[in-house]
Amino acid sequence: EDQVTQSPEALRLQEGESSSLNCSYTVSGLRGLFWYRQDPGKGPEFLFTLYSAGEEKEKERLKATLTKKESFLHITAPKPEDSATYLCAVQRLGSGGYQKVTFGIGTKLQVIP
Amino acid sequence: DAGITQSPRHKVTETGTPVTLRCHQTENHRYMYWYRQDPGHGLRLIHYSYGVKDTDKGEVSDGYSVSRSKTEDFLLTLESATSSQTSVYFCAIKGTGSTGELFFGEGSRLTVL
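Trainee: Whenever I open this one, the pairing of strand 1 (residues 3-7) of chain A confuses me. Can you help?
Mentor: All names here are of chain A. The alternating pattern of strand 1 places V4 and Q6 on a buried face and Q3, T5 and S7 on a face that is not buried. The pairing of strand 1 with strand 3 (residues 19-26) spans five bridges and is antiparallel. Within the sheet, the bridge partner assigned to Q6 lies in strand 3 and is C23.

As structure tokens, then:
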């Protein structure tokens, strides 16, 4: 069974205090690992897709990295507007050709001014 | 903006009543999905569609049915709502690029009393 575990569940940072969120996964035949951002009362917003170990993607203060067992979302010098819940998801090929996606519960990030 | 509209955004209903949630997209995407999001659980797939009148079950499909008679509309029906179906429901479409990311609507919050 595919599993995605995100840690910590919640993280409180001072503005400018860099940190990392972790996503550990177990999946057979990874077809992609996704990071999403979700603001309260909103739907998840796509951030990155990573496909293979060693791959990195960057967007503003965020950088996502991937190993064979986990992914990290590094947040450099965060600002209050980075406060959100960050979701990790893994994709593999399911039965019948369906691309099965499994989501983690998320890490709730709060950045204090 | 992926052009996804969900309706209603909020609904309170009583146990045993039928409920239909609507997802409307404006960009002619082939793949559409219905997820539910509950505390302590990642997003879980209810049903998905890969074309007009082509639908299939996800991991938590019991008690739900779907229909897609037009490309732009994907309906989720709870034939007889139960309190366990109290949740936030998200519609998503699959991007047309090769990265496989999902684009989500704003969500529909359903409370079953």
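Having seen it, we continue.
Trainee: Could you clarify how one ought to interpret the side chain of Q6(A) in this entry?
Mentor: Residues and elements named next belong to chain A. As for its position among the elements, Q6 is in strand 1. One polar contact links the side chain of Q6 to the main-chain amide nitrogen of C88, over a distance of 2.9 Å. Here Q6 is in contact with N22, C23, W35, Y86, L87, C88, G104, I105, G106 and T107, once residues within four sequence places are set aside.

Trainee: Explanation requested: the sheet that holds strand 8 (residues 73-78) of chain B in the structure shown.
Mentor: Pairing between the strands of a sheet comes from backbone hydrogen bonds, and it takes one of two forms, parallel or antiparallel. Residue and element names in this part refer to chain B. Spatially, the four strands line up as an open sheet ordered 1-3-8-7, and their pairing is antiparallel. Since the sheet does not close on itself, it has two edges, and those belong to strand 1 (4-7) and strand 7 (64-70), each with one partner. Neighbour to neighbour, the strand axes of the sheet diverge by 20° on average, direction disregarded. Sheet topology places strand 7 next to strand 8; five bridges connect them, and they run antiparallel.

Conventions adopted
Residues numbered from 1 in each chain as written. Chains lettered and ligands numbered in written order. Predicted model: local features only at pLDDT ≥ 70, side-chain atom pairs only at ≥ 80, totals over all residues. Heavy atoms only, no water. Buried < 20%, exposed > 50% of the residue type's maximum accessible area, 1.4 Å probe, protein only. Helix = DSSP H or I, 4+ residues; strand = E, 2+ residues; numbered from the N terminus. Pairing = 2+ DSSP bridges. Polar contact = N/O pair within 3.5 Å; in protein donor to acceptor, adjacent residues only side chain to side chain. Contact = heavy atoms within 4.5 Å. Axes fitted to C-alpha atoms, helices over the stretch in contact; angles between N-to-C directions.

It is worth stressing that arrangement in space is one thing and function is another; only the former is reported here.
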